[in-house]
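What follows is the residue order along each chain.
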Amino acid sequence: MSERSLNEYIDIMERSITNIRADIAHHAKGNVTLLAATKTVPAEAVNYAIDNLGITDIGENRVQELLEKYDALHKERLNIHFIGRLQTNKVKYIIDKVCLIHSLDSEKLAAEIDRQARKIGKVMDVLVEINIGGEQSKGGISPENAEEFVDSLSVFTNIRARGLMVIPPATVSREEMIKYFGQTYKIFIDIFQKKLHNDNSCILSMGMSDSYIEALDCGSNLIRLGSALFGKRA
Ligand SMILES: *Cc1c(COP(=O)(O)O)cnc(C)c1O
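Cut-offs applied
Residues numbered from 1 in each chain as written. Predicted model: local features only at pLDDT ≥ 70, side-chain atom pairs only at ≥ 80, totals over all residues. Heavy atoms only, no water. Salt bridge = Lys/Arg side-chain N within 4 Å of Asp/Glu carboxyl O. Buried < 20%, exposed > 50% of the residue type's maximum accessible area, 1.4 Å probe, protein only. Helix = DSSP H or I, 4+ residues; strand = E, 2+ residues; numbered from the N terminus. Contact = heavy atoms within 4.5 Å. Near = heavy atom within 4 Å. Polar contact = N/O pair within 3.5 Å; in protein donor to acceptor, adjacent residues only side chain to side chain. 1 Å grid on protein atoms, 1.4 Å probe; cavity = no way out; pocket = protein on both sides within 12 Å on 5 of 7 lines; lining within 4 Å. Sits in = over half its atoms within 2 Å of the grid points. Nonpolar A, V, L, I, M, F, W, Y, C, P; charged D, E, K, R; others polar.

(A) Geometry of the pattern of salt bridges. On inspection of all chains with the given rule, the structure shows 11 salt bridges. Lys-97 is the partner of Asp-96 in a salt bridge, and the nearest nitrogen-oxygen pair spans 3.2 Å. With relative accessibility at 47%, the residue Asp-96 sits in the partly exposed group. For Glu-112, the salt bridge identified is with Arg-115, shortest N-O distance 2.9 Å. In this pair, Glu-112 and Arg-115 are both assigned in helix 5 (residues 107–119), 3 residues apart and thus about one turn of the helix distant. In this structure Glu-112 comes out as buried when scored by relative accessible area, which is 13%. In this structure Arg-115 comes out as partly exposed when scored by relative accessible area, which is 43%.

Here is the structure:
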């Protein structure tokens, strides 16, 4: 897929962005952030989306790939998110580069993010990843433990919990997916909106290319789109 040229990326993006924005306009319940999930997409194509298509938020899910692209990205108005699994020993490489880590799921990782953020005088925004399908193979906090985990983060002065992220099981039916999204939304409301007096700056990162319409219908306010925007990955 490294064969795909910049012009091919541009053609795909120009065709897809209009539909994506129309879908968001139809299904969003409020302000929604469209995050471009940029794994395997070269920096020049990402920059085109930033400069020409109004993309303000991108997400990388591998530290190495983020570091490789970082210098080349047009960063003036760009928010870079980290959306993949994060190893504790790699936090130090991204702490100064990202605005939001979507995948917090252990106290050990929280402690390291807090430590590295303090070193550079930053308060790092994080989302707690929820393992809504109870999948062994995936990261994330179980729904039952979510509230306790979020509460436990209050001891970390250089971390701010802003909301939740979820990746539902891949192979389920539409109905099951909607059920998982609905459950995640309820946890989100219980933990964040109620406690923080409906502070509408809380983030529910939910929905990818194959599921963003359902996710928006279920109350997502941040969708992470890769293939819907950039075309299928190899
Ligand atoms: C790759 C990725 C996405 C985007 O996936 P698509 O199906 O291509 O939209 C979203 N979230 C995470 C965490 C990812 O790794």
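(B) Local environment of the environment of Glu-60. Tracing the backbone shows Glu-60 in strand 2 (residues 57–60). Through-space distance from the C-alpha of Glu-60 to that of His-81 is 6.5 Å; in sequence the pair is 21 residues apart. The residues contacting Glu-60, other than those within four sequence positions of it, are Thr-38, Lys-39, Glu-65, Leu-66, Lys-69, His-81, Phe-82, Ile-83 and Gly-84.

(C) Expanded view of the site of the ligand. Every residue near the ligand is listed here: Ala-37, Lys-39, Asn-61, Ile-83, Ile-167, Met-208, Ser-209, Arg-224, Leu-225, Gly-226, Ser-227 and Arg-233. At 2.8 Å, a side-chain N or O of Asn-61 approaches an oxygen atom of the ligand. Applying the majority rule of atoms within 2 Å of the grid points places the ligand in the largest pocket. Residues belonging to the shell around the ligand are distributed by class as follows: 5 nonpolar, 4 polar and 3 charged.

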